[in-house]
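# Commentary on secondary and tertiary structure
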Amino acid sequence: MNPGFGGQGFNQQAGNPRGRGRGGPYRGHAPRRGSRAKQGTSKLCKNFQKGTCNNPSCGFLHQFTYDNNLVCITRVNANDSVFASALINETQIAVAQRGGIINVFDLSNGQTVGNFKLGANINAMKFTPPYNSEKFPHGVSFLFCGGFLKNKAPYLGCINCLTNETQVLQGGHQSGSVNAIEISSTGLIFSASGDGVVCVWFFNGSEMQFGMTLDVDRNLSKEILSLCILNDTILAGNSSGFILGWKYDYTQNVSQFQGVLEPQMNAKVKSIISFQDRFILCAADNGTIYCWDSQKEFAGWQFANVSEKTQVHPECITVTANRQNETILLVASLSGDVMVYSAAQEVKFRFKISLHGAQVNNIVPYSNTQAGFLGFITTSKDGQIVLMNWAG
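Residues numbered from 1 in each chain as written. Predicted model: local features only at pLDDT ≥ 70, side-chain atom pairs only at ≥ 80, totals over all residues. Heavy atoms only, no water.

With that out of the way, let us pick up the overall build of the protein. Assigned secondary structure in the protein consists of 1 helix and 29 strands. Within the span of the protein, comprising 392 residues, buried residues form 55% of the whole. A fraction of 48% describes how many contacts in the protein between residues 6 or more apart in sequence connect residues 24 or more apart. Accessible area of the protein: about 17000 Å², with a carbon and sulfur share of 44%. (Helix = DSSP H or I, 4+ residues; strand = E, 2+ residues; numbered from the N terminus. Buried < 20%, exposed > 50% of the residue type's maximum accessible area, 1.4 Å probe, protein only. Contact = heavy atoms within 4.5 Å. Areas by Shrake-Rupley, 256 points an atom, 1.4 Å probe, with all protein chains shown as cover.)

Evaluated as defined, the whole model comprises 12 aromatic pairs. Ring plane angle 85 degrees and centroid distance 5.4 Å describe the contact between Phe190 and Tyr248, whose orientation is recorded as edge-to-face. Taken together, the positions of Phe190 in strand E12 (residues 189–193) and Tyr248 in strand E17 (residues 243–249) put the pair 58 residues apart, joining distant regions of the chain. Considered together, Phe190 and Tyr248 belong to a single accessibility category, that of buried residues. Here the aromatic residues Tyr131, Phe136, Phe142 and Phe203 are joined through ring pairs into a cluster of three or more. (Phe/Tyr/Trp six-rings, centres within 6.5 Å; stacked < 30°, edge-to-face > 60°.)

Okay, the confidence of the model for the protein next. Confidence along the protein averages 83 in pLDDT terms, with 83% of residues attaining 70 or more. Confidence drops under a pLDDT of 50 for residues 4–41, and excluding neighbours within four residues, the segment shows 126 contacts in the predicted structure. (pLDDT = per-residue confidence, 0-100.)

It is worth spelling out the pattern of salt bridges at this point. Any two side chains of opposite charge can pair, so long as their charged atoms come close to each other. Inspection of the entire model under this criterion finds 7 salt bridges. For the salt bridge of Glu182 with Lys126, the shortest nitrogen-to-oxygen distance reads 3.2 Å. A residue pair is termed long-range when its members are at least 10 positions apart, and Glu182 in strand E11 (residues 178–183) and Lys126 in strand E7 (residues 121–127) qualify at 56 residues. Residue classification places Glu182 among the buried residues on the basis of a relative accessible area of 13%. (Salt bridge = Lys/Arg side-chain N within 4 Å of Asp/Glu carboxyl O.)

All right, on to the sheet that holds strand E24 (residues 327–333) then. In sheet architecture, strand pairing relies on hydrogen bonds along the backbone and comes in two forms, parallel and antiparallel. The sheet built from 4 strands is open, its strands ordered E23-E24-E25-E26 with antiparallel pairing. At either margin of the open sheet sits one strand with a lone partner, and together these are strand E23 (314–321) and strand E26 (347–354). The mean angle between the axes of side-by-side strands here comes to 20 degrees, regardless of whether they run parallel or antiparallel. Bridge analysis of E23 against E24 gives 7 bridges, and the strand direction is antiparallel. For Val319, the partnering residue across the bridge sits in E24 and is Leu329. (Pairing = 2+ DSSP bridges. Axes fitted to C-alpha atoms, helices over the stretch in contact; angles between N-to-C directions.)

Our next topic: the side chain of Ser191. Among the structural elements, Ser191 can be located in strand E12. At 3.0 Å, the side chain of Ser191 and the side chain of Trp201 are in polar contact. In this structure, Ser191 is in contact with Leu156, His173, Val178, Ala180, Ile181, Val197, Val198, Cys199, Trp201 and Leu227, ignoring residues within four places of it in sequence. (Polar contact = N/O pair within 3.5 Å; in protein donor to acceptor, adjacent residues only side chain to side chain.)

What follows deals with the pairing of strand E18 (residues 254–261). Taken together, the 7 bridges between E17 and E18 define a ladder with antiparallel strand orientation. Across the sheet, residue Asp249 finds its bridge partner in E18, namely Val254. Between E17 and E18, which follow one another and run antiparallel, lie 4 residues, and Asn253 among them has a positive phi close to 55 degrees.

The next thing to look at is the side chain of Asn160. Structurally, Asn160 can be placed in strand E9 (residues 154–160). For Asn160, a relative accessible area of 5% puts it in the buried group. There is a polar contact of 3.0 Å between the side chain of Asn160 and the backbone nitrogen of Thr163. Sequence-distant contacts of Asn160, that is, excluding residues within four places in its chain, are made with Phe136, Val140, Ser141, Phe142 and Glu165.

All right, on to unusual backbone geometry then. Even without being glycine, Glu297 reaches a positive phi, approximately 55 degrees. In this structure, Glu297 sits in the loop between strand E21 (288–293) and strand E22 (299–305). A relative accessible area of 77% places Glu297 in the exposed class. Of note, Asn325 is a non-glycine position whose phi angle comes to about 65 degrees, a positive value. By the secondary structure assignment, Asn325 is in the loop between E23 and E24.

Turning our attention to the pairing of E26. With 7 bridges connecting them, strand E25 (residues 337–343) and E26 associate as antiparallel partners. Bridging from a neighbouring strand, Val340 pairs with Phe351 of E26. Between E25 and E26, which pair antiparallel in sequence order, lie 3 residues.

Right, here's the structure in full:
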C-alpha cells in the first residue's frame, strides 16, 4: 500500500491564480455545457469527439461521462499539434504549435482570439500574474515561452499581453532547449534548460530582465526537464533522475544550493509539482511517482507506480480535488491517457481515461465558478484541448 497525503484533501480555489491577467487583450465568455441532444437521442456527436462541431442545433450528444465521475464538456480542435500550453484565465488558453505559432483559444466557442509568431520551437509556457509599475499603472501580464531555435540554440521569450509586443530574453541560457518555466509568489521567473542551468528573471518596470543563475556543482548539471517552487525552495528535476534544490532569499535575491533528492528511479524526471505549501511530488518516465514531505525533513516515499500493471510513461501530473473534496492525483501519459487516483489516506487507482491519441503535454486544474465547472484541462500533440468536469 502506498500512503497518501492524509485528511480530506484541500479546497480548489475558483479560477486560475496566475491567469486573471489584468490588462490582457483577451476577452471571452463562460464555457457552454455543450448542446443538448434531442429527446431520446443517445448517440455521441462524432464531430464533438474531434473538436470540430460548431452546429448550435446539433442533435447529438456533446458530453459523455467516464466512470460516473467525470464529464467531457468541451473539445477544441487546435487544427495542428500542440506542444505546450498555458491557461490565461477562466475562458482562454494559449497553445504553442508548429513553426513557433502561439494561438489563444476561447474555451466557450473554440475560436482563435489571439495569434503570435515567435520563430522558435516552443515546449514550455507560463502566464504571469499582473505586474504594476509607473509605465503600467493598471498592471500588465506576460506569456512566457521557452524552447529552441532552428540552430538548436535556446530560446526564451515573452509576450506583453497589454501591448502584444514580443521580447526575446538575452543573457541567460547558453545551450539546449528551455524545458521548464516557473513563477514565484513574488513575481520572479525561473527557467531551466538542457544546459543544466536555472536562470532567474525579473520585471524592471517596463520589460523582463536577466537577474542571475543558480549555482550548482557542474557534475550535477544534466539536462533539466522540470521545475517547481515550494515557498523559498526551488526544485529542478533532471534527466539523470535527480532533483536539485536551492534556498532562495527573495529579499536579498541570493540563492544557496541545498543538495539533491534522490528518488532512486534512474529515469528522467518529467514532471515535478508542489502543493499545500508542504509536499513535493515528481514523476519519472519509468512510471514511478515519488513524494517528499518538507515538514518532516523531506522524508520521502514511493507514492505510486503507474507502470505496475500497464506500461504507462508519465509526461505530467497534477493534484486536485473533486466535488466531494477528495484529493485526486491525475497522471497524464505519453500515449494520451489520463490515470485517476484517490490520494488521501492511501493511493488507490480509480480509472483510466483515453482522452487523446498522442502525448499529453499539460494537465491543469480548472474551475469556473460562474459556469459551475470544477475539473481539469488537458492539451496534447494530437491537437485537442479537452475540458473535463467532475460529476456530482
